[in-house]
Amino acid sequence: MKKVIKVLLIIFSFFVVINSVDAKSLKQLREELNQDIANEAALIKKEKELQGKIDSMNKEIDELNKKIEENNNKIAAIKQKIEELNAEIAAKQKEIDNLLSFLQVSNGDNIYLEYVFQAKSFTDFIYRSAVVEQLTKYNDDLIDQMYQLIEENKKNQKDLEDEIAASEDSITKLEEILKKYGLDMNDLDEEKRDVRADIEARKIEVSEYERAYKDAGCAEDVDVKDCVNIPPAGQFVRPLEYGVITSLYGMRYHPTLHYYRMHNGLDIGGNSTGTKVYAAAAGKVNKIVNRSSCGGNMVYIQHMVKGKQYRTVYQHLHSINVSVGEYVSASSVIGTVGGGESYDRCSTGPHLHFGLLKGWDGYTYYDPRNYIDFPGKGGRFYSRW
Ligand SMILES: [Zn+2]
């Protein structure tokens, strides 16, 4: 859900940028930058708070595990104690048996009775009965006591086992919350990186406009389009969010024309028809060509990057979102990737041909890799910066 809202927000912000880049003043751009900086600070604060919660939960889990270990040690001691008591009971039993046999008891079924009935006189009978009674009582009491001890120990063992089960339950619950917090943390991190990239881009934009406004002597609340002919930019960025370099700038054997000729730009594949194409820097749309037999639909944008004039060209577009004279920013979607169209004999499938020229009206092409950080042939990129 969060992702969907984010995507909608991004689409909405593109809409805003496309429609209002020419109605913004330097003052407004600076306010937007400050808002981004405030957003970043808020995200960092949130992240810190969440990290604090995660840390204290991990500490709680550590403590629970320590308690489980302690309880397990206690249980081991109890089991040992029960074993000892059982051994003691057996020993006592044997001791009593030995005592009775010492009193000349034969091997009959009931040693006590035989001992009593072998009395030689009535006095002897009474005496023997008393001895047996005492021995039996002593025996019973002792064994009772030990069995009682065993019961107490068993009860303690059960209590400890219950405690362990409760601790394990708590750990499971804490781990579930931690998992959720981990996901929240990833979201925050992603948001933070987006805002950071935004801040970097806006900082450059604002500083370049400051220079241009100063040169032109404009007040800060004057709209960009009323002060600066071409919006200044601090750098070029990649015109696609991802892609693979399928063909470099330079001499090559043309794949569809079948002869050696100059390839005056970079071919970027790995994208399907309809993928968004962005302006490589802020600028003004200078020229649009529709359905060229070699290049298809094309957009040319004029730029002022670090005080120098350039044009960029985007070929084989499936659709075009801008019109001539329109001001764009580096986050403006100027069109979408095409390349499979039948009228375009210079393309075999979806890709963007991206060219860079020096000067606002010249036709001298330069290698875009000298101005933008693109990988080499076959190399992939996954972001615009
Ligand atoms: Zn090309």
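Rules and cut-offs
Residues numbered from 1 in each chain as written. Predicted model: local features only at pLDDT ≥ 70, side-chain atom pairs only at ≥ 80, totals over all residues. Heavy atoms only, no water. Helix = DSSP H or I, 4+ residues; strand = E, 2+ residues; numbered from the N terminus. Buried < 20%, exposed > 50% of the residue type's maximum accessible area, 1.4 Å probe, protein only. Areas by Shrake-Rupley, 256 points an atom, 1.4 Å probe, with all protein chains shown as cover. Lys, Arg positive; Asp, Glu negative; His and termini not counted. Charge placed at Lys NZ, Arg CZ, Asp CG, Glu CD. pLDDT = per-residue confidence, 0-100. Contact = heavy atoms within 4.5 Å. Pairing = 2+ DSSP bridges. Core = buried A, V, L, I, M, F, W, Y, C linked by side-chain atoms within 4.5 Å. Donors = N, O, S within 2.8 Å, 3.2 Å for Na, K, Ca; no water. Salt bridge = Lys/Arg side-chain N within 4 Å of Asp/Glu carboxyl O.

1. Quick notes on the overall build of the protein chain
Along its length, the protein chain carries 5 helices and 14 strands. Referenced to the eigenvectors of the C-alpha coordinate spread, the extents of the protein chain come out at roughly 140 × 55 × 30 Å. Per-residue burial over the protein chain gives 40% buried out of 385 residues. Per element, the accessible surface of the protein chain, about 21,800 Å² overall, is 54% carbon and sulfur. Side chains of the protein chain give 51 positive and 59 negative charges; the mean places of these two sets differ by 11 Å.

2. Considerations on the confidence of the model for the protein chain
Predicted confidence across the protein chain gives a mean pLDDT of 86, with 90% of residues reaching 70 or more. Low pLDDT (under 50) marks residues 7–22, which in the prediction has 19 contacts with non-local residues, meaning those over four places away or in another chain.

3. Some remarks on the pairing of strand 8 (residues 296–305)
For strand 8, the buried fraction is high: 9 of the 10 residues fall into the buried class. Sheet analysis places strand 1 (residues 232–233) next to strand 8, joined by 2 bridges and oriented parallel. If you follow A233 over to strand 8, its bridge partner there is V305. Of the pairings in the sheet, the one linking strand 7 (residues 283–292) to strand 8 comprises 6 bridges and is antiparallel in character. When the sheet's bridge partners are listed, K287 is paired in strand 8 with Y300. Counting the residues between successive antiparallel strands, the hairpin from strand 7 to strand 8 contains 3 residues, one of them, G295, with a positive phi of roughly 130°. Alignment of strand 8 against strand 9 (residues 308–320), held across 8 bridges, turns out to be antiparallel. In the sheet register, Q302 faces strand 9, and the bridge partner there is R311. Linking strand 8 back to strand 9 in an antiparallel pair, the connection comprises 2 residues, with K306 at a positive phi of about 50°.

4. A short note on the nonpolar core
Counting residues in hydrophobic clusters, the biggest one holds 36 residues, and the most contacted among them are L50, Y209, Y213 and V228. Of all the secondary structure elements, the ones that give two or more residues to this core are helix 2 (26–102), helix 4 (122–216) and helix 5 (224–227). Setting aside residues no more than four positions away along its own chain, Y213 makes contact with K24, S25, L26, C218, A219, E220, V222, D223, V224, C227 and V228. Counting residues in hydrophobic clusters, the runner-up holds 28 residues, among them L240, I268, V322 and L352.

5. Considerations on the coordination of the zinc ion
Within the protein, the atoms that donate to the zinc ion are H263 (NE2), D267 (OD) and H353 (ND1), at distances of 2.0 to 2.2 Å. One chain supplies every donor to the zinc ion, and in sequence these donors are spaced H-x3-D-x85-H. Of this pair, H263 sits in strand 4 (residues 260–263) while H353 sits in strand 12 (residues 352–358), and the two are 90 residues apart along the sequence. In this structure H353 comes out as buried when scored by relative accessible area, which is 5%.

6. Examining the pattern of salt bridges
Following the criterion strictly, the structure yields 21 salt bridges and no others. Of the charged contacts in the structure, one is a salt bridge between K45 and E49, with a shortest N-O distance of 3.7 Å. Residue K45 and its partner E49 are located together in helix 2, separated by 4 residues, close to a single helical turn. A residue is classified by how much of its surface remains accessible, and K45, at 54% relative accessible area, is exposed. The class of E49 is partly exposed, set by a relative accessible area of 46%. One salt bridge in this structure joins E208 and R211, with 3.1 Å as the shortest N-O distance. In this pair, E208 and R211 both sit in helix 4, 3 residues apart, roughly one turn of the helix. Taking the relative accessible area as the measure of exposure, R211 reaches 41% and is therefore partly exposed. Among the charged side chains, a salt-bridge network with shared partners connects K24, E32, D36, D198 and R202.

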